[in-house]
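Structure at a glance
The lines below spell out each chain.
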Amino acid sequence: MEPLVMKFGGTSVGSLERIRAVAERALQAQAEGVFPVLVVSAMSGETDRLLGLARSLGGAPDPAEVDVLAATGEQAAAALVALAIQRLGGKARSFLGGQLALRTDGPHGDARVKALDPRPLRRAIGRGEIPVIAGFQGVSAKGRVTTLGRGGSDTTAVAVAAALGARVCEIYTDVDGVYSGDPSQVPEARRLTAVGYDAMEILAKRGAKVLHARSVTLARRHGIELEVLSSFASTVKRGTRVGPARIADGNPGLAVACDKQFAHLLVDGVMVELRQSEVESFRRAVACKSAFAQPELAQVSLVGDAADSVLAAEVMAHLAREKLPVRRITAESGAITCWVDAHAALAVMRALHDRFVLPHS
Ligand code: ADP
Ligand code: ASP
Ligand code: MG
């Protein structure tokens, strides 16, 4: 009995209609002889709403209680999907992280999966039930509810696949695969048929939120192939496979990603680049009230095997020709990163995609 882990993200469970479509898809898979195991995110917008509620109470909210609150989004979605399957005549039951002994370590809000017990899932499958797992959540060594970081349900799905010994994990989302750039920002982006683990991990770390970076790391460690697919397509179409392949297999050899979550700080004449979420704790730690925040910063990255120092020089020359201002460029294996003011990020990303990605498609 090889189970198939199918993960559905926020937009894929964003309404009762979408939840019914997920239930139908799971039942169809079961009718075809597959043993589906579902992992779900919170309904789209729900995690932001919950985190906003915690913030609106003011002060610095206790991260442990924020996690208890944030985890309820996935709990509700899992129960609704299980109910929808039952309504269609199927058997299903929901599982929270704690009910699978999904142990984590690391900080609240960004915890890492250590282990989970697949036996309750196997028992449910044996009873003909479709397990529906609440993604994004686990339990710390102290017995507290934890969450895995934004987008972390992908990592829950891969951890479940690993614990069940599955070879494939399907990630259903609102796009039909991984593209050579975020298709909502770069309209000319091309869908990739396959991406290697390493390139995908770099893309995810550099802002391509289509997959949680740790899910890719975990998939590589366990030799699990990911497939990114649209939950909106009515006919079964294949998406993008993420596995040992190289990004260049039948694809443009490069892709772009953008991460806008950075800030510049000038502290006693020293320039510091930080994630925006870390600015306040940094200010407190250096006990410096007068740290001056510069414009918000973004990282625009060109990712792929060909991204080396020679290409970095071409990137610099091209952006200068296009009169696009860059603060700094770094080249390390597999990625060229341009630091730009956030308002220029989109133009830089499109310029890099036009010049360096499209010609190789
Ligand atoms: P889910 O809620 O299903 O987890 P996410 O919003 O986390 O979905 O991820 C899907 C989104 O990722 C897409 O809507 C797309 O805008 C964005 N994205 C960013 N980079 C890429 C890329 N290279 N390929 C595909 N999608 C991307
Ligand atoms: N609901 C969480 C988030 O919005 C986790 C996820 O969607 O994977 O980040
Ligand atoms: Mg996601």
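Now for a quick tour of the structure. Note that the coordinates shown come from a computational prediction; the quantities given were computed from them, not determined experimentally.

This part takes up the overall build of the protein chain. The secondary structure content of the protein chain amounts to 10 helices and 17 strands. Relative to a compact globule of 361 residues, whose C-alpha radius of gyration would be 21 Å, the protein chain shows 21 Å and is just as compact. Reported as C-alpha extents along the three principal axes, the dimensions of the protein chain are approximately 65 × 50 × 35 Å. A total of 361 residues make up the protein chain; the buried ones form 50% of that total. For the protein chain, restricting intrachain contacts to residue pairs at least 6 apart in sequence, the fraction spanning at least 24 positions comes to 71%. If you sum the accessible surface of the protein chain, you get close to 16600 Å²; carbon and sulfur atoms cover 53% of it.

Another point: the nonpolar core. In terms of nonpolar packing, the biggest core is built from 43 residues, with Val 5, Ile 133, Val 160, Cys 169, Met 200, Leu 211 and Leu 226 touching the most fellow members. If you list the elements that add at least two residues to this core, you get strand S2 (35–40), helix H4 (119–126), helix H5 (153–164), strand S9 (168–173), helix H6 (197–205), helix H7 (213–222), strand S11 (225–230) and strand S13 (255–267). Once you skip the residues sitting within four places of it in the chain, Met 200 turns out to touch Val 178, Val 195, Val 210, Leu 211, Val 216 and Val 242. Core analysis: the second largest hydrophobic core is formed by 25 residues, Val 256, Leu 324, Val 348 and Val 357 among them.

Interaxial distance between helix H2 (residues 46–56) and helix H3 (residues 63–87) falls to 9 Å at its minimum, and their mutual angle equals 155°. Here H2 lies roughly antiparallel to H3, going by the angle between them. Relative to H3, H2 is oriented so that their crossing is right-handed. Two secondary-structure elements touch here, H2 through Glu 46, Thr 47, Leu 50, Leu 51 and Ala 54 and H3 through Val 66, Leu 69, Ala 70, Thr 72, Gly 73 and Glu 74. Classifying every residue of the contact of H2 with H3 by side-chain character gives six nonpolar, three polar and two charged.

It is worth spelling out the site of ligand 1 at this point. Near ligand 1, the surroundings consist of 17 residues, among which Gly 10, Thr 173, Asp 174, Tyr 179 and Asp 182 are the closest. Split into classes, the residues belonging to the shell around ligand 1 amount to seven nonpolar, six polar and four charged.

Our next topic: helix H10 (residues 345–357). Because each turn of an α-helix spans 3.6 residues, side chains separated by three or four positions end up pointing in the same direction. The end-to-end C-alpha distance of H10 is 17 Å, a good match for the 18 Å that 13 residues give at a rise of 1.5 Å each. Those residues of H10 not exposed but buried are Ala 345, Val 348, Met 349, Ala 351, Leu 352, His 353, Phe 356 and Val 357.

About the criteria used
Residues numbered from 1 in each chain as written. Chains lettered and ligands numbered in written order. Predicted model: local features only at pLDDT ≥ 70, side-chain atom pairs only at ≥ 80, totals over all residues. Heavy atoms only, no water. Helix = DSSP H or I, 4+ residues; strand = E, 2+ residues; numbered from the N terminus. Rg over C-alpha atoms; globule rule 2.2 N^0.38 Å. Buried < 20%, exposed > 50% of the residue type's maximum accessible area, 1.4 Å probe, protein only. Contact = heavy atoms within 4.5 Å. Areas by Shrake-Rupley, 256 points an atom, 1.4 Å probe, with all protein chains shown as cover. Core = buried A, V, L, I, M, F, W, Y, C linked by side-chain atoms within 4.5 Å. Axes fitted to C-alpha atoms, helices over the stretch in contact; angles between N-to-C directions. Parallel < 35°, antiparallel > 145°, perpendicular 65-115°, else oblique. Left-handed = near helix turned anticlockwise from the far one by under 90°. Nonpolar A, V, L, I, M, F, W, Y, C, P; charged D, E, K, R; others polar. Near = heavy atom within 4 Å. Expected span 1.5 Å × (residues − 1).

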